[in-house]
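Per-entry structural report
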Amino acid sequence: MGSEPLVDSFARPITYLRLSVTDRCDLRCTYCMPERMTFLPREDILSIEESYRLARGFMQRGIRRIRLTGGEPLVRRGIVDLLAALGSHIGRELDELTLTTNGTQLANHAEAIAAAGVRRINVSLDTLDRSKFAAIARRDALPQVLEGIAAAKAAGLAVKINTVAQSGVNADELPALMEWAHGEGFDISFIETMPLGTVDHDRASRLLSLSDLRRDLAGRYSLSPSSHRTGGPSRYFEVAETGGRVGFITPMSDNFCDGCNRVRVTATGQLYPCLGGSEAIDLRAAMREGDDSAFDLALDRAMHIKPRRHEFRIDKGNAVGPARHMSVTGG
Ligand code: SAM
Ligand code: SF4
């Protein structure tokens, strides 16, 4: 495979790959998918070996950070093998290997994740209230998730909590969730709901502008901008009272695309240059041609079509975006 670093047509170096290993999940978060979700055909999903080969192809083009995601990556059979294989590249081609998980399977896997060389993980948690959790995730799994988070901490993993902030759902609990996270020694990022695929409610009605949340938190705590960056889109603030960090991911209210450094690959090997865009390139087909040059050409094409900005917008009160669910592209 070639070795030219990936740079898109807006001169942005692309060094970060989010690789989905499955679109399936053991939860059914209401903002992410409908209760009756249609999943990708199993026969189209890349094997663990193909995912590894694909990741290696990206590393040869200058990808230095990989985040495994989904769906729920820890429900994918063979995930520990993939983590171990990718982990062997840390300190050479890779600066970092990370994972985003809902935490339900973490108690079983935390040790293996740490042994693979992962140092930081993101765990999604929207509430500490068991019945509210069951309503948001449509599964009563909060105790399991908290046990998983404790196991990750005990295994020495740095945990960042990701919280989708929703008006009328968990907005009133967000300061308490932040205090809990900081008390545990975790960073926390709040995320605006993005219009990806249809769900069983109107997303715009629950959209909470994080500019408003930040203003609200700034009225209660002393927030100062932090230079901390993780390679993702979160912009961080230090909170004097808790000694912790809070991040804001604001695709809807404050576009962050200018500094974009990443691309995403679905579990079926479709490369989406932008989470909020609709164009994709079929890397599975390119890989199955057997010839490395087809894969490289496909990456070059992706650099040409990567848009300057995502397509999310609010139109006449409706949140508008691609038809694909977040669980397909990988968060
Ligand atoms: N299942 C894992 C999890 O929940 O962490 C990984 C995949 S999930 C798609 C990744 C992240 O995307 C999670 O933090 C989730 O809360 C977030 N997410 C899902 N759908 C979203 C949406 N429509 N808008 C904003 N964030 C979303
Ligand atoms: Fe599953 Fe993550 Fe989507 Fe929730 S946000 S349904 S845990 S993929």
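Residues numbered from 1 in each chain as written. Chains lettered and ligands numbered in written order. Predicted model: local features only at pLDDT ≥ 70, side-chain atom pairs only at ≥ 80, totals over all residues. Heavy atoms only, no water.

Remarks on the overall build of the chain
Put simply, the test is: The helix and strand labels rest on DSSP assignments: H or I over at least four residues marks a helix, E over at least two residues marks a strand, and numbering proceeds from the N terminus. When we talk radius of gyration, it's over C-alpha atoms, and the globule rule is simply 2.2 Å times the number of residues to the 0.38. Partly exposed residues are those whose accessible area sits between 20% and 50% of the maximum for their type, while under 20% is buried and over 50% is exposed, using a 1.4 Å probe and protein chains only.
Along its length, the chain carries 10 helices and 14 strands. Radius of gyration (C-alpha) of the chain: 19 Å, near the 20 Å computed for a compact globule of 331 residues. Counting only C-alpha atoms, the chain reaches 55 × 45 × 40 Å along its principal axes. A burial count over the chain gives 56% of its 331 residues as buried.

Concerning the nonpolar core
The condition is simple: Definition used in this section: a nonpolar core is a set of buried Ala, Val, Leu, Ile, Met, Phe, Trp, Tyr and Cys residues joined via side-chain atoms within 4.5 Å. We call two residues contacting when some pair of their heavy atoms lies within 4.5 Å.
Formed by 90 residues in total, the largest nonpolar core has its most connected members in Phe58, Ile66, Leu68, Ile121, Phe190 and Leu283. In terms of residues, this core owes the most to one element, helix H9 (residues 292-305), which gives six residues. In this structure, Phe58 is in contact with Leu6, Leu17, Ile63, Val263, Val265, Leu271, Leu283, Phe295 and Leu299, ignoring residues within four places of it in sequence.

Considerations on the packing of aromatic side chains
Defined as follows: In this scheme Phe, Tyr and Trp rings, the latter by its six-membered ring, pair at centre separations within 6.5 Å, and the angle between planes marks the pair as stacked below 30 degrees, edge-to-face above 60, and tilted otherwise. Placement of a charge over a ring requires the Lys NZ or Arg CZ to be within 6 Å of the ring centre, with the centre-to-atom vector within 35 degrees of the ring normal.
Within this structure, the stated rule accounts for four aromatic pairs. On the basis of an interplanar angle of 85 degrees and a centroid distance of 5.9 Å, the ring pair of Phe58 and Phe295 is categorised as edge-to-face. Taken as a pair, Phe58 in helix H1 (residues 48-59) and Phe295 in helix H9 lie far apart in primary sequence, 237 residues in all. Both residues of the pair, Phe58 and Phe295, count as buried. One Lys or Arg, Arg214, reaches over the ring of Phe248 and ends 5.7 Å from the middle of that ring.

Here's the deal with the sheet that holds strand S1 (residues 16-20)
Rule in force here: Strand pairing is defined by DSSP finding a minimum of two bridges between the two strands.
Read across the open sheet, the 12 strands follow the order S7-S8-S9-S6-S5-S4-S3-S2-S1-S10-S11-S12; overall the sheet is mixed. This sheet does not close on itself; its edge strands, each paired only once, are strand S7 (223-225) and strand S12 (281-282). With four bridges connecting them, S1 and strand S10 (residues 262-265) associate as parallel partners. Directly across from Arg18, in S10, lies its bridge partner Arg264.

Examining the pairing of strand S3 (residues 96-101)
For the record, the criterion: Seen with its strands pointing away from the viewer, a crossover is right-handed if its path from the first strand over the helix to the second goes clockwise.
The element S3 is largely enclosed, with a buried count of six among its six residues. By the alternation rule, side chains of S3 split into Glu96, Thr98 and Thr100 and Leu97, Leu99 and Thr101, which are all buried. In the sheet, strand S2 (residues 65-69) pairs with S3 via four bridges, with the strands oriented parallel. For Arg67, the partnering residue across the bridge sits in S3 and is Thr98. Direction of pairing for S3 relative to strand S4 (residues 120-124): parallel, over a ladder of three bridges. Across the sheet, Thr101 pairs through a bridge with Val123, a residue of S4. Regarding topology, helix H3 (residues 106-115) serves as the crossover connection from S3 to the parallel S4, and that connection is right-handed.

Structural notes on the packing of H1 against helix H2 (residues 79-87)
When two helices pack together, their arrangement is captured by the angle between the axes and the distance separating the axes. Convention followed: Helix axes are fitted only over the stretch in contact, all axes being lines through C-alpha atoms; the angle between N-to-C directions runs from 0 to 180 degrees. For classification, angles of less than 35 degrees are called roughly parallel, those exceeding 145 degrees roughly antiparallel, those between 65 and 115 degrees roughly perpendicular, and all remaining angles oblique. Crossings are assigned a handedness: left-handed for a near helix turned anticlockwise from the far helix by less than a right angle, right-handed for a clockwise turn.
Direction vectors running N to C along H1 and H2 enclose 25 degrees, while the axes themselves pass 10 Å from each other. Here H2 runs roughly parallel to H1, going by the angle between their axes. Along this stretch, H1 crosses H2, giving a crossing that reads as right-handed. Residues Ile48, Ser51, Tyr52, Ala55 and Met59 of H1 touch H2, and the partners they reach there are Ile79, Leu82, Ala85 and Leu86.

Points about the site of ligand 1
What counts, and what does not: Definition of nearness: a residue and a molecule or strand are near each other if at least one heavy atom of the residue lies within 4 Å of the molecule or strand. Two N or O atoms form a polar contact when they lie within 3.5 Å of each other; inside protein one atom must be a possible hydrogen donor and the other a possible acceptor, and for residues adjacent in sequence the pair counts only when both atoms belong to side chains. In this classification, Asp, Glu, Lys and Arg are treated as charged, Ala, Val, Leu, Ile, Met, Phe, Trp, Tyr, Cys and Pro as nonpolar, and every other residue, Gly included, as polar.
Not every one of the 19 residues close to ligand 1 is listed here, only the nearest: Tyr31, Gly71, Thr101, Ser124 and Met194. In the environment of ligand 1, an oxygen atom lies 3.1 Å from a nitrogen or oxygen atom belonging to the side chain of Tyr31. Here a nitrogen atom of ligand 1 sits 3.0 Å away from a polar atom, N or O, in the main chain of Gly71. Of all elements in the fold, only S3, strand S5 (158-165) and strand S6 (187-192) reach the threshold of two or more residues within the shell around ligand 1. Considered class by class, the residues forming the shell around ligand 1 number six nonpolar, 10 polar and three charged.

Some remarks on the pairing of S5
Burial runs high along S5: seven of the eight residues are buried. The pairing of S4 with S5 spans five bridges and is parallel. Of the residues in S5, the one forming a bridge with Ile121 is Val159. Pairing of S5 with S6, which is carried by six bridges, proceeds in the parallel orientation. Looking at the pairing, Val164 lines up with Ile191 of S6. With respect to chirality, the unit in which S5 leads through helix H6 (residues 174-184) into the neighbouring parallel S6 is right-handed.

Structural notes on the site of ligand 2
What surrounds ligand 2 is the set Cys25, Leu27, Arg28, Cys29, Cys32, Met33, Gly71 and Asn102. Tallied by class, residues from the shell around ligand 2 come to five nonpolar, two polar and one charged.

Structural notes on the environment of Ala298
Relative to the helices and strands, Ala298 resides in helix H9. Overall, the relative accessible area of 1% leaves Ala298 in the buried class. Separated by 145 residues in the primary sequence, Ala298 and Lys153 place their C-alpha atoms 39 Å from one another. For Ala298, the residues in contact, after removing those within four places along its chain, are Ile281, Leu283 and Ala286.

Bear in mind that shape data such as this cannot, by itself, settle questions of function.
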